[in-house]
Amino acid sequence: MSDSNPSPKPDFIREIIANDLASGKHATTITRFPPEPNGYLHIGHAKAICLSFGIARENAATGARCHLRFDDTNPEKEETEYVESIKEDVKWLGFDWGEHLYFASDYFQFFYDCAVHLIQQGLAYVDDDSVEEMRAKRGNVNTPGTRSKWAERGVEENLDLFARMKAGEFKDGERVLRAKIDMASPNMNMRDPVLYRIMHAHHHNTGDAWCIYPMYDFAHPLEDAYEHITHSLCTLEFEDHRPLYDWFIGNCPVPSRPRQIEFSRLNLNYTVMSKRKLLQLVQEGKVSGWDDPRLPTLSGMRRRGYPPEALRSFVVGTGITKFKGITDIAVLEHEVRDFLNREAPRRMAVLDPVRVILENWSAEPLSHAVISNHPQNPDMGEREVPIGGEVYIERDDFMEDPPKKFFRLGPDRCVRLRGGHIIRCTGYEKDADGKISLVRAEILPGTVGKDAPEGVVCKAAIHWVDAATAVDAEVRLYDRLFKVEDPDDAEGGFVSVLNPDSLKTVTAKVEPTLADAAPGFSCQFERIGYFVADARHHQPGEKPVFNRTVPLKDSWAKRAS
RNA sequence: AGCCUCAUAGUGUAAUGGUAACACCACGGAUUCUGAUUCCGUUAUUCUAGGUUCGAAUCCUAGUGAGGCUACCA
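I will try to describe carefully the structure that is included in this document. (Residues numbered from 1 in each chain as written. Chains lettered and ligands numbered in written order. Predicted model: local features only at pLDDT ≥ 70, side-chain atom pairs only at ≥ 80, totals over all residues. Heavy atoms only, no water.)

Before going further, it helps to examine the sheet that holds strand β17 (residues 422–430). Overall, mixed pairing links the seven strands, which are arranged β19-β16-β17-β18-β12-β15-β20 in an open sheet. Each of the sheet's edge strands pairs with one partner strand only, and the pair in question is β19 (461–462) and β20 (464–466). For strand β16 (residues 414–417) and β17, the ladder comprises three bridges, and the chain directions are antiparallel. Bridge assignment links Cys414 to a residue of β17, and that residue is Arg424. (Pairing = 2+ DSSP bridges. Helix = DSSP H or I, 4+ residues; strand = E, 2+ residues; numbered from the N terminus.)

On to the protein's contact with RNA strand B, then. The environment of RNA strand B is formed by 66 residues, the closest being Glu15, Arg346, Gly449, Gln524 and Arg527. Atoms of RNA strand B within 4 Å of the protein: sugar and phosphate make up 61%, bases the balance. Contacts to RNA strand B include Lys324, whose side-chain N or O atom sits 3.5 Å from a sugar or linking oxygen. In this structure, a phosphate oxygen belonging to RNA strand B sits 2.4 Å away from a side-chain N or O atom of Arg527. Mapped by element, the contributors of at least two residues to the surface near RNA strand B are α5 (131–138), β6 (194–198), α12 (329–343) and α13 (555–560). Among the residues forming the surface near RNA strand B, the class breakdown is 23 nonpolar, 19 polar and 24 charged. (Near = heavy atom within 4 Å. Polar contact = N/O pair within 3.5 Å; in protein donor to acceptor, adjacent residues only side chain to side chain. Nonpolar A, V, L, I, M, F, W, Y, C, P; charged D, E, K, R; others polar.)

Within the largest apolar cluster, 47 residues are counted, with the highest numbers of intra-cluster contacts made by Ile13, Ile43, Phe53, Val90 and Leu332. Among the elements that make up this core, the one with the highest residue count is helix α2 (residues 43–58) (nine residues). Phe110, Tyr112, Leu195 and Met199 belong to the second-largest nonpolar core, a separate cluster that totals 38 residues. (Core = buried A, V, L, I, M, F, W, Y, C linked by side-chain atoms within 4.5 Å. Buried < 20%, exposed > 50% of the residue type's maximum accessible area, 1.4 Å probe, protein only.)

Attention now goes to the state of the cysteines. Counted according to the given criterion, the structure contains zero disulfides. Counting only cysteine sulfurs, Cys50 is the nearest neighbor of Cys66, a cysteine outside any disulfide, at a range of 11 Å. When its relative accessible area of 4% is taken as the criterion, Cys66 is described as buried. The thiol of Cys425 is not disulfide-bonded; the next cysteine sulfur, from Cys414, is found 9.5 Å away. A relative accessible area of 2% places Cys425 in the buried class. (Disulfide = S-S within 2.5 Å.)

Turning to unusual backbone geometry, a few remarks are in order. Of note, Asp412 is a non-glycine position whose phi angle comes to about 70 degrees, a positive value. The residue Asp412 is located in the loop between β15 (390–394) and β16 in this model. Since its relative accessible area comes to 60%, Asp412 is described here as exposed. Of note in the backbone geometry, Arg527 takes a positive phi value of approximately 70 degrees without being a glycine. For Arg527, the position within the fold is in the loop between β23 (522–525) and β24 (529–533). Judged by its relative accessible area of 36%, Arg527 is partly exposed.

Honestly, it's all geometry; don't read function into it.
Shown next, in the form of structure tokens:
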């Protein structure tokens, strides 16, 4: 059910929002998508994007909006390159943040002021303990922690020390600012969490202006409040952080009171979604880059030819819940096929060519065949495909000794060349290896555009390419990157279960209309699959490169196997 | 072990105290100048045990199972 404007069924989050609007708690809804610029966006992010931006779009009548905010509070992991790619990917997915592009790093002074406020309230203190000491005193899930002795410091001393942390008087790791909450809390996040750490690092946005940086738990609720976010939607792993989120909202001088709501992240089988692992695949050269068509990154899927409409339909279709399930990749592929089947023009290409000589071609020669660009959609018009007395057909479409239910070519059998004649096989040749090297056939005059004459059994139409005008193309056949359903659980690491056949490259014969296909041009190679002209490698005048988006379903192959 | 969260066909999601449904997958069949598409059909579902109620997937209690939490990451 691909739709350029999918309207999702109400889920529990949309229900909360509808109630807040109905009760007058909020006049409108302001959401946000807050990626950390430390990697490329992937299909999992698409879920968060479609949710938060989708809610803004659905409530546009009330003035709703969705902010794009870069959560760049850790200078060690973040890069400008990622900022640009994220903006591009969000746009490509079909969403627009308008004027509302923000950086958490623009709020550093605000965070600092809030921290000072907490110190003044006696709710935060500078701790001199080392990482190890802090870890030891934190306790564990079964035993309460013990408070650092530094928590006894007075407000003035804390204020002074914190100012000196900011001024750069201390080295990395020497001190931190902590909230004073509850070292015995069963929720580990409440055991005096760190608010600020010292990092003498260059920040992509603020340069060297700061040497103390706020932690996520502290910064995020403040960012949301600062932007007057009404509903802050995040994934399930932040559930335990919500009490802390609310604590900061309640104890800091903030201009609004956002509400955090958690939902389940997207999980796909045969797929890794963790940024760390994606980065590893890129860095170790297991894939060609962040936009490798085998990757679940948005840029990879774009290059693979997955239309944004299909991604949106998929993500909306999987729904929003708190249940942590694993979605079958087949659902995504279905959405891709569903969209492409309607939108992609048809073309012909032969991936594994066998030459066919039409021995009586002169009996009724054609200069070209007229073929519909989309049989179910005549509006897409027709094209003329050159043809002559010698064509290539797919190796699979000829069988020396065909089984009963095989409908295509074999000795003395008939088949139709799509848009052209019905032909009858009159002979074939094999090379030294026993491989079919040539097929001989005759055309049946008078069969172009006509049903098979009496007495002729012709149960299939196959694709072909004219030998004289065929264009060589590099065709990349992508398959799933992993051999196992759950690479995350693979023993010996997920890299050990990479599928060695995830990329096969063949030189194919394609119809001449494909010679100068524009980068990103999507079409269906009839009877084979959906393909897209590669955006990165195809230059005009060079051999065109096509990436396989997704194969067509093939019930014959399934039956045979 | 403590706290938090979740549990509906194989998979994902609906049903908000009143006939358990939709999509994907799988398997059949019809149509087809793509063994695609389209169309029709088949199989199969409320974790367990109690309780409340005329009536429970839904509310309550207990149990079971799964996931998350013990970074100066986000």
